[in-house]
Amino acid sequence: PRRLLVGAPWDGDRQGDVYKCRVGPPNATCAKANLGSAAPWLAPAPGRTEHFGMTLLGSKDGGFVACAPLWSQECGTSVFSTGICARLDGDLRPVGTIAPTAQRCSTYMDIVIVLDGSNSIYPWYEVQNFLSSVLGKFFIGPGQIQVGVLQYGEQVVHEWALGRYRTAEEVVEAAKNISRQEGRETRTAFAIRRAWWAPGSGLGVGIGGREGAGG
């Protein structure tokens, strides 16, 4: 049966999507690509729009390319509207992306904070306030900074892994709720080794570290 591709750039709160519709029968239906759920990496930053499907281009392999000219890339305080395209097969399944001008941000870093929670630290609320203040200044998000926190006293505990929280607001809220581990010993060197070492190599690989991320 004949099919018609329909771009819907204002669909899904202006994220945009693509439909494949049957041509001919009066009761013909359309199948939706659902790009937002099928390819989460294409989702726009909060408060931004993309308009996927504004441009459609056929492909010799039976698939097609759908483009979103308003897709933006955030790097620190800067926003670059570079545009992005998604390659889909004939069944509307995403098989890749094309973003020739997208670049890795200078804020692409993994940071593990090693926090002393022994009895030598007092009062604890000042530690929480300091940590929240520092974290609130980071540019946290996909493609930018990931933060993990490890607390130590006599024992070492990973409060949260890298990438668990996706925004500065979430990280700050988590920092306010960290409970003190306590302990008569202050095993700083052991905690630093635990933050660094993990199966593989590099900072925090075993707790969500990304290849190529500075820190």
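What you see is a predicted model, and the numbers here were worked out from it, not measured in a lab. (Residues numbered from 1 in each chain as written. Predicted model: local features only at pLDDT ≥ 70, side-chain atom pairs only at ≥ 80, totals over all residues. Heavy atoms only, no water.)

Asker: What is the right way to read the overall build of the protein chain from this model?
Answerer: The secondary structure content of the protein chain amounts to five helices and twelve strands. For the protein chain, the proportion of its 215 residues judged to be buried stands at 38%. Total accessible area on the protein chain is roughly 12400 Å²; 52% of this is exposed by carbon and sulfur atoms. (Helix = DSSP H or I, 4+ residues; strand = E, 2+ residues; numbered from the N terminus. Buried < 20%, exposed > 50% of the residue type's maximum accessible area, 1.4 Å probe, protein only. Areas by Shrake-Rupley, 256 points an atom, 1.4 Å probe, with all protein chains shown as cover.)

Asker: Sorry, what's going on with the sheet that holds strand β2 (residues 17-22) here?
Answerer: Strand pairs in the sheet, formed through backbone hydrogen bonds, run parallel or antiparallel to each other. Pairing is antiparallel in the open sheet, where three strands are placed in the order β1-β2-β3. The open sheet has two edge strands with one neighbour each: β1 (3-8) and β3 (30-32). Adjacent strand axes in the sheet meet at a mean angle of 25° when their direction is disregarded. (Pairing = 2+ DSSP bridges. Axes fitted to C-alpha atoms, helices over the stretch in contact; angles between N-to-C directions.)

Asker: I would appreciate a short explanation of the sheet that holds strand β9 (residues 94-98) in the present structure.
Answerer: With antiparallel pairing, the four strands of this open sheet are ordered in space as β4-β5-β8-β9. Edge positions in the open sheet fall to β4 (55-58) and β9, since each of these has one partner strand only. The mean angle between the axes of side-by-side strands here comes to 20°, regardless of whether they run parallel or antiparallel. Where strand β5 (residues 64-68) and strand β8 (residues 84-88) come together, five bridges link them in antiparallel fashion.

Asker: What's the story with the pattern of salt bridges in this structure? I'm lost.
Answerer: Where charged atoms of side chains with opposite charge meet at close range, the side chains can pair. For the coordinates displayed, the defined rule picks out three salt bridges. Where Lys 32 meets Asp 11, a salt bridge forms, and the shortest distance between an N and an O atom there is 3.1 Å. With Lys 32 in strand β3 and Asp 11 in helix α1 (residues 11-14), the pair connects residues that are 21 residues apart, well separated along the chain. We note a salt bridge from Arg 93 to Asp 91, for which the minimum N-O separation is 3.4 Å. Connected through shared salt-bridge partners, Asp 89, Asp 91 and Arg 93 make up one network. (Salt bridge = Lys/Arg side-chain N within 4 Å of Asp/Glu carboxyl O.)

Asker: Teacher, can you tell me more about the pairing of strand β12 (residues 156-160) here?
Answerer: In regular strands, side chains alternate between the two faces of the sheet. Of the strand pairs in this sheet, strand β11 (residues 145-152) and β12 are connected by four bridges, and their pairing is antiparallel. Following the sheet pairing, Tyr 152 is matched in β12 by Val 156. Taking the residues that link successive antiparallel strands as the turn, the β11-β12 hairpin has three residues.

Asker: Even after reading the chapter, I still don't get the packing of aromatic side chains, so can you show me in this structure?
Answerer: For any pair of aromatic rings, the description rests on two quantities: the centre-to-centre distance and the angle between the ring planes. In the structure shown here, the tally under the stated rule is one aromatic pair. Each ring, one from Trp 160 and one from Tyr 165, has its centre 5.3 Å from the other, and the planes form 85°; the classification is edge-to-face. Over the ring of Phe 190 we find Arg 187; its NZ or CZ atom is 4.4 Å from the centre of that ring. (Phe/Tyr/Trp six-rings, centres within 6.5 Å; stacked < 30°, edge-to-face > 60°. Lys NZ or Arg CZ within 6 Å of the ring centre and 35° of its normal.)

Asker: What's the story with the state of the cysteines in this structure? I'm lost.
Answerer: By definition, a disulfide links the sulfur atoms of two cysteines through a covalent bond. Summed over all chains, the structure comprises two disulfides. Cys 21 shares a disulfide with Cys 30; S-S distance 2.0 Å. Note on the Cys 21 and Cys 30 pair: the S-S dihedral is about 110°, so by sign convention the disulfide is right-handed. On the basis of relative accessibility, which here comes to 10%, the residue Cys 21 falls in the buried class. For Cys 30, a relative accessible area of 45% translates into the label partly exposed. Disulfide partner of Cys 67: Cys 85, at an S-S distance of 2.0 Å. Judged by the sign of its S-S torsion, about 100°, the bond between Cys 67 and Cys 85 is right-handed. Residue Cys 67 is located in strand β5, and its partner Cys 85 is located in strand β8; the two are separated by 18 residues in the primary sequence. For the residue pair Cys 67 and Cys 85, the accessibility class agrees, reading buried in each case. (Disulfide = S-S within 2.5 Å.)

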